[in-house]
Amino acid sequence: MKDVDQDLPAEWREFVHMLRGLLEQLTVPRRSPTLDDICVRMKAHDYPICDDVISRYLRGKRFPPWGFAALLHALACEDIGSAAVSASIQELRSWYTKADASRKTRRCANCLVLHRTAHTLRQRVAELLKANEQLEVVTHSVGPLARHLPVTPQGGDRQGSELETPSAPFIATESVRLLAAGQAEAALTLVREIPDRLSPAEGAASLAMLRRQHEDLLAETLVQFYSRDQDPKVVMRFVLELQDSGSEDDARLVLEAAVS
């Protein structure tokens, strides 16, 4: 397992070490537990998660929801008994609260950097939009042949796609319904399709809805897939939409994940 980020606030770093200690107390016959083992066990407790997300939690690259920490503690108690676990659930909750507070303090300190980054991205997007408008003028100037040209799938004309693309609230709501119905894989699959099926503005609206409903697993999955294998222009648009809607924490997460 990779080292903990040394730039973390002390409280957050201590909390990460507590999570690692709980992981080391889990038991698997004849070998040490792997992140895949944790994924399987958590899924059995109706908490689907992937090893990459766990790795980020255990390195301090992303702050976990309380449900993850509480379940990891419960699994350790199942394996070795609550009396032998390195920290009580009360101690874990106390350090979680301290770590969360330190994270938010650092986030406020990073707000100026985020605003500057967003300003730079906004200028770049404006340049791209201007270039796109100029391209459309040239395209329309060729007359009837223009209608036979391919339409840009991302960030361009969405003509003909409106009737085929469900609204952002519908997709987010459906993913929540599927997860509640025990169809975790179907819910995650639906969320993973959002970057390709919806515009950045609709994607930001979907993420905001998931956050409001405290569906952290689905929200983090959406952040992860917006940060991977997406056109940089789409990522920039998504970040700007998050920034403009006040979701600065998620905007920062997307930026960090995209460059990591």
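Above this text sits the structure in question.
Keep in mind that this is a model prediction, so the values were computed, not measured.

Rules used throughout
Residues numbered from 1 in each chain as written. Predicted model: local features only at pLDDT ≥ 70, side-chain atom pairs only at ≥ 80, totals over all residues. Heavy atoms only, no water. Helix = DSSP H or I, 4+ residues; strand = E, 2+ residues; numbered from the N terminus. Contact = heavy atoms within 4.5 Å. Areas by Shrake-Rupley, 256 points an atom, 1.4 Å probe, with all protein chains shown as cover. Expected span 1.5 Å × (residues − 1). Buried < 20%, exposed > 50% of the residue type's maximum accessible area, 1.4 Å probe, protein only. Phe/Tyr/Trp six-rings, centres within 6.5 Å; stacked < 30°, edge-to-face > 60°. Lys NZ or Arg CZ within 6 Å of the ring centre and 35° of its normal. Salt bridge = Lys/Arg side-chain N within 4 Å of Asp/Glu carboxyl O. Lys, Arg positive; Asp, Glu negative; His and termini not counted. Core = buried A, V, L, I, M, F, W, Y, C linked by side-chain atoms within 4.5 Å.

1. A few points about the overall build of the protein
So, point 1. In terms of helices and strands, the protein carries 13 helices and 0 strands.
So, point 2. Secondary structure elements of the protein occur, N-terminal to C-terminal, as α-α-α-α-α-α-α-α-α-α-α-α-α.
So, point 3. Long-range pairs, those at least 24 residues apart, make up 67% of the contacts in the protein between residues at least 6 apart in sequence.
So, point 4. For the protein, the accessible surface area stands at approximately 14200 Å², while carbon and sulfur atoms represent 54% of it.

2. What to know about helix α1 (residues 10-24)
So, point 1. The first and last C-alpha atoms of α1 sit 21 Å apart over 15 residues, in line with the 21 Å expected at 1.5 Å per residue.
So, point 2. Turning to α1, its buried residues are Trp12, Phe15, Val16, Met18, Leu19, Arg20, Gly21, Leu22 and Leu23.

3. Describing the packing of aromatic side chains
So, point 1. One pass over the full model with this rule turns up 7 aromatic pairs.
So, point 2. Where Phe15 meets Tyr96, the ring centres are 5.5 Å apart and the plane angle is 75°; that geometry is what we call edge-to-face. In this pair, Phe15 sits in helix α1 while Tyr96 sits in helix α5 (residues 89-109), placing the two residues 81 residues apart along the sequence.
So, point 3. On the accessibility criterion, Tyr96 (11% relative accessible area) is buried.
So, point 4. Ring geometry for Trp66 versus Tyr96: centroids 5.3 Å apart, planes at 65°, classification edge-to-face. Note that Trp66 is positioned in helix α4 (residues 66-80) and Tyr96 in helix α5, a separation of 30 residues in sequence.
So, point 5. Cation over ring: Arg93 sits above Trp66, and NZ or CZ is 4.6 Å from the ring centre.
So, point 6. The ring centre of Trp95 lies 4.4 Å from the NZ or CZ of Lys98, which sits over that ring.

4. Observations concerning the pattern of salt bridges
So, point 1. Within the structure shown, the criterion is met by 11 salt bridges.
So, point 2. The partner of Arg177 in a salt bridge is Glu174, and the shortest N-O contact between them spans 2.6 Å. With Arg177 and Glu174 both in helix α7 (residues 168-180) and 3 residues apart, the pair spans about one turn of that helix.
So, point 3. Under the relative-accessibility criterion, Arg177 is labelled partly exposed at 44%.
So, point 4. The partner of Glu193 in a salt bridge is Arg197, with the nearest N and O atoms 2.8 Å apart.
So, point 5. The class of Glu193 is partly exposed, set by a relative accessible area of 32%.
So, point 6. Residue classification places Arg197 among the partly exposed positions, given a relative accessible area of 31%.
So, point 7. Look at the salt bridges and you will find they share partners, linking Asp100, Arg103, Asp249 and Arg252 into a network.

5. Details of unusual backbone geometry
So, point 1. For Asp46, which is not glycine, the phi dihedral falls at a positive 60°.
So, point 2. For Asp46, a relative accessible area of 69% gives the class exposed.
So, point 3. The phi torsion at His214 lies on the positive side, around 60°, for a residue other than glycine.
So, point 4. Take His214: it is sitting in the loop between α10 (200-212) and α11 (216-226).

6. Looking at the side chain of Arg59
So, point 1. You can see Arg59 is positioned in helix α3 (residues 51-59).
So, point 2. No salt bridge is formed by the buried Arg59; the nearest opposite charge belongs to Asp52, separated by 5.1 Å.
So, point 3. If near-sequence neighbours (up to four positions away) are discounted, Arg59 is found in contact with Lys2, Asp3, Val4, Asp5, Leu8, Val16 and Arg20.

7. What to know about α4
So, point 1. With 15 residues, α4 extends 21 Å between its outermost C-alpha atoms, agreeing within 8% with the 21 Å of an ideal straight helix rising 1.5 Å per residue.
So, point 2. Downstream of α4 by one or two residues, Gly81 has phi in the positive range, about 90°.

8. Section: the nonpolar core
So, point 1. The biggest cluster of nonpolar side chains holds 60 residues, and the ones touching the most others in it are Phe15, Leu19, Met42, Ile49, Phe68 and Leu72.
So, point 2. Not counting residues within four places of it along the chain, the set of residues in contact with Ile49 comprises Cys39, Met42, Ile54, Tyr57, Phe68 and Leu217.

9. Some thoughts on the environment of Pro48
So, point 1. Within the fold, Pro48 resides in the loop between α2 (35-44) and α3.
So, point 2. On the basis of relative accessible area, Pro48 is assigned to the buried category, the value being 6%.
So, point 3. Here the alpha-carbon distance between Pro48 and Leu217, two residues 169 residues apart in the chain, equals 7.9 Å.
So, point 4. If sequence neighbours within four positions are ignored, Pro48 has contacts with Met42, Lys43, Leu179, Ala184, Leu188 and Leu217.

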